[in-house]
Amino acid sequence: MTETTAPTDVLDGAAHQHDGPHGYASDKEAYLKRMRRIEGQVRGIARMIDEDVYCIDILTQVSAVTKALQAVSIGLVEDHLGHCVVDAARASEAEGAAKVKEAADAIGRLVRS
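Parameters and conventions
- As a convention, each chain's residues are numbered from 1 in the sequence order in which they are written.
- In view of the model being predicted, local features appear only for residues whose pLDDT reaches at least 70, and side-chain atom pairs are presented and counted only at 80 or more, with totals across whole chains, interfaces and linings using the full set of residues.
- Hydrogen atoms and water are omitted, and side-chain values are computed over all heavy atoms in the structure.
- Elements are defined by DSSP. Helices are runs of H or I of four residues or more, strands are runs of E of two residues or more, and each kind is numbered from the N terminus.
- The rule is simple: take the accessible area with a 1.4 Å probe, protein chains only, and divide by the maximum for that residue type; under 20% is buried, over 50% is exposed, in between is partly exposed.
- Whether two residues touch is decided by their heavy atoms; if any such pair falls within 4.5 Å, the residues are in contact.
- Note on areas: these come from Shrake-Rupley sampling with a 1.4 Å probe, and a residue is covered only by the protein chains present in the view.
- What goes into a patch is any residue over 30% in relative accessible area without a salt bridge, connected to like charges within 9 Å or, for nonpolar side chains (Val, Leu, Ile, Met, Phe, Trp, Tyr), within 5 Å.
- A carboxyl oxygen of Asp or Glu within 4 Å of a side-chain nitrogen of Lys or Arg is what we treat as a salt bridge.
- To get an axis, a line is fitted to the C-alpha atoms, and for a helix only the part in contact is used. The angle between two axes follows their N-to-C directions and goes from 0 to 180 degrees.
- Just so you know how the angles are binned, under 35 degrees is roughly parallel, over 145 roughly antiparallel, 65 to 115 roughly perpendicular, and the rest oblique.
- We call a crossing left-handed when the near helix sits turned anticlockwise from the far one by less than a right angle, and right-handed when that turn is clockwise.
- In this classification, Asp, Glu, Lys and Arg are treated as charged, Ala, Val, Leu, Ile, Met, Phe, Trp, Tyr, Cys and Pro as nonpolar, and every other residue, Gly included, as polar.

J.: Residues and numbers for the overall build of the protein chain, please.
T.: Counting its secondary structure elements, the protein chain contains 4 helices and 0 strands. When the helices and strands of the protein chain are listed from N to C terminus, the series reads α-α-α-α. Here the protein chain holds 113 residues, and the buried ones make up 20% of them. Once local pairs closer than 6 in sequence are excluded, the contacts in the protein chain between residues at least 24 apart make up 55%. Of the roughly 8,500 Å² of accessible surface on the protein chain, 58% is carried by carbon and sulfur atoms.

Right, here's the structure in full:
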């Protein structure tokens, strides 16, 4: 089985800084609710494996979790572009370019995952 790992800077807690509220701030509760639902789905998949449920049924649930995480990711990208990148671009061309690069790198990681 191939294991996917998070970027080192995320694991080390050295997340990129942003002054002021993050782009997702207005939707924070909705994101948390979605993540709790996904967490429950993942626990359900573990329970299915423990109970020797049919492989295809487990794969169906894995697919559902994957799609749910992708939806969260797309929402976060939209929020980041619409808030963090726009604010940085307004501050200076260099800050804007740095945030665009950061967003492009994040999108690249999502596409490869």
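J.: Explain a nonpolar patch on the surface to me, using residue names and the numbers behind them.
T.: Where nonpolar side chains cluster on the molecular surface, the patch consists of Tyr 54, Ile 56 and Leu 59 and spans about 340 Å² of accessible area. For Tyr 54, the location among the structural elements is in the loop between α2 (28-50) and α3 (55-91). A residue is classified by how much of its surface remains accessible, and Tyr 54, at 56% relative accessible area, is exposed.

J.: Which residues make up the environment of Cys 84, and what values do they have?
T.: Along the chain, the position of Cys 84 falls in helix α3. Note: C-alpha distance between Cys 84 and Lys 99 (15 residues apart in sequence) is 7.4 Å.

J.: Mind laying out the packing of α3 against helix α4 (residues 93-112), listing which residues take part and the relevant values?
T.: Packing of α3 against α4 leaves a shortest axis separation of 7 Å and a crossing angle of 165°. With respect to α4, the axis of α3 lies roughly antiparallel. By crossing handedness, the relation of α3 to α4 is classed as left-handed. Across from Ser 73, Val 77, His 80, Leu 81, Cys 84, Val 85, Ala 88, Ala 89 and Ala 91 in α3, the residues of α4 making contact are Glu 93, Glu 95, Gly 96, Lys 99, Val 100, Glu 102, Ala 103, Ile 107 and Leu 110. Across the contact of α3 with α4, the residue classes tally to 11 nonpolar, 3 polar and 4 charged.

J.: Which residues make up the pattern of salt bridges, and what values do they have?
T.: Within the structure shown, the criterion is met by 4 salt bridges. For Glu 39, the salt bridge goes to Arg 43, with nearest N and O atoms at 3.4 Å. Of this pair, Glu 39 and Arg 43 are both found in helix α2, 4 residues apart, which corresponds to roughly one turn of the helix. The class of Glu 39 is partly exposed, set by a relative accessible area of 44%. Between Asp 87 and Arg 90 there is a salt bridge, with the nearest N and O atoms lying 3.7 Å from each other.

J.: Could you give an account of the packing of α2 against α3, naming the residues involved and the relevant values?
T.: Contact pair α2 / α3: the axes reach a minimum separation of 10 Å and the direction vectors enclose 160°. When the axes of α2 and α3 are compared, the pair comes out roughly antiparallel. Here the hand of the crossing between α2 and α3 comes out left-handed. Its residues assigned to classes, the contact of α2 with α3 shows 16 nonpolar, 3 polar and 3 charged.

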